[in-house]
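Per-entry structural report
Single-letter residue listing:
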Amino acid sequence: MSTITGKKQLTLIFVLDESNKKILLGMKKRGFGHGKFNGFGGKVEKDETILEGAHRELEEEAFVTTPELHRVGLLLFTFENDPKALEVHVFKTNTYNGEPKESEEMRPEWFSYDAIPYDTMWYDDQYWLPIMLQDKHFIGRFDFKEDQTTIINEELKTIDTELPSEWEL
Ligand SMILES: Nc1nc2c([nH]c(=O)n2[C@H]2C[C@H](O)[C@@H](COP(=O)(O)OP(=O)(O)OP(=O)(O)O)O2)c(=O)[nH]1
């Protein structure tokens, strides 16, 4: 495993329809994670807070807005031979305004909780996404090989207390 010398902050937002047990995912059409279903999100910009970045990405990628985003998870990802880790702040909301629409980056689609396409998602999602759907908070770290698929090391826990604001490297 290479030594981690820095991290990049990212957001990841899931829109839920909890009464019908459905989740809105997007097929990523370009860039990092291309060809995978995921929540909406991206890099936090210099002039915004993590929460502001989350609202912006949801609107840019799915054309929906929400009055409330709940921070439910903190994840750290590392990749072999890359000294920069990705710190991903995971949010969820059960309320949204507007109709999800395809953007340049994402093609949105609703899935039932019992038909989530884990085979076409990041490998780690199958471990922590169910925790989110059980209305719990989680913190985890996944160390990947350079292929961005094979996991070398992982730690994940459900927490009852407040999430730490960031991952101490
Ligand atoms: N579900 C899941 N999401 C992940 C994992 N790793 C990871 O970076 N993500 C998320 C965090 C971000 O929401 C997204 C990557 O952001 P991005 O590179 O598309 O950022 P961006 O939209 O600012 O990029 P761009 O405009 O420069 O293309 O993928 C993972 O293992 N599982």
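Please read all numbers here as calculations on a predicted model, not as lab measurements.

The rules behind the values
Residues numbered from 1 in each chain as written. Predicted model: local features only at pLDDT ≥ 70, side-chain atom pairs only at ≥ 80, totals over all residues. Heavy atoms only, no water. Core = buried A, V, L, I, M, F, W, Y, C linked by side-chain atoms within 4.5 Å. Buried < 20%, exposed > 50% of the residue type's maximum accessible area, 1.4 Å probe, protein only. Helix = DSSP H or I, 4+ residues; strand = E, 2+ residues; numbered from the N terminus. Contact = heavy atoms within 4.5 Å. UniProt positions renumbered as here; feature names shortened; annotations may be inferred. Near = heavy atom within 4 Å. Polar contact = N/O pair within 3.5 Å; in protein donor to acceptor, adjacent residues only side chain to side chain. Areas by Shrake-Rupley, 256 points an atom, 1.4 Å probe, with all protein chains shown as cover. Salt bridge = Lys/Arg side-chain N within 4 Å of Asp/Glu carboxyl O.

Judged by nonpolar contacts, the single largest core of 28 residues is most densely connected at F14, I23, V90, W128 and M132. Elements that contribute at least two residues to this core include exactly strand 1 (6-17), strand 2 (22-28), strand 4 (70-79), strand 5 (82-93), helix 2 (125-133) and strand 7 (137-144). Ignoring anything within four residues of it in the chain, the contact list for I23 reads F14, V15, L16, E109, W110, F111, Y113, I116, L129, M132 and L133. In this structure, L24, I50, A62 and F91 belong to the second largest nonpolar core, which totals 13 residues.

On the UniProt side, "domain: Nudix hydrolase" (unreviewed entry) is annotated at positions that read residues 6-133 here. With 17% helix and 39% strand, residues 6-133 has end C-alpha atoms that lie 30 Å from one another.

The full set close to the ligand counts 19 residues, and T11, K28, N38, D124 and D125 are the nearest of them. K28 places a polar side-chain atom, nitrogen or oxygen, 2.7 Å from an oxygen atom of the ligand. Separating an oxygen atom of the ligand from a backbone N or O atom of G42 is a distance of 3.5 Å. Here the ligand, which alone exposes 660 Å², has 85% of that area covered by the protein. Among the elements of the structure, strand 1, helix 1 (50-62) and helix 2 are those that each provide at least two residues to the shell around the ligand.

This paragraph deals with unusual backbone geometry. Its identity is not glycine, yet F63 carries a phi of approximately 60 degrees, on the positive side. Relative to the helices and strands, F63 is located in the loop between helix 1 and strand 4. Its identity as a non-glycine residue notwithstanding, N81 has a phi of 65 degrees, on the positive side. Position of N81 relative to the elements: it lies in the loop between strand 4 and strand 5. Among the residues examined, N81 registers a relative accessible area of 54% and is labelled exposed.

Attention shifts here to the pattern of salt bridges. Here the structure, examined in full by the defined rule, presents 13 salt bridges. We note a salt bridge from R30 to E104, for which the minimum N-O separation is 3.4 Å. Taken together, the residues span a long stretch of sequence, with R30 in the loop between strand 2 and strand 3 (37-38) and E104 in the loop between strand 5 and strand 6 (106-112) at a distance of 74 residues. By relative accessible area, which is 42% here, R30 ends up partly exposed. Residue E48 is joined to R56 by a salt bridge in which the shortest nitrogen-to-oxygen separation is 2.7 Å. A network of salt bridges, in which partner residues are shared, links E45, E48, R56, E57 and E60.

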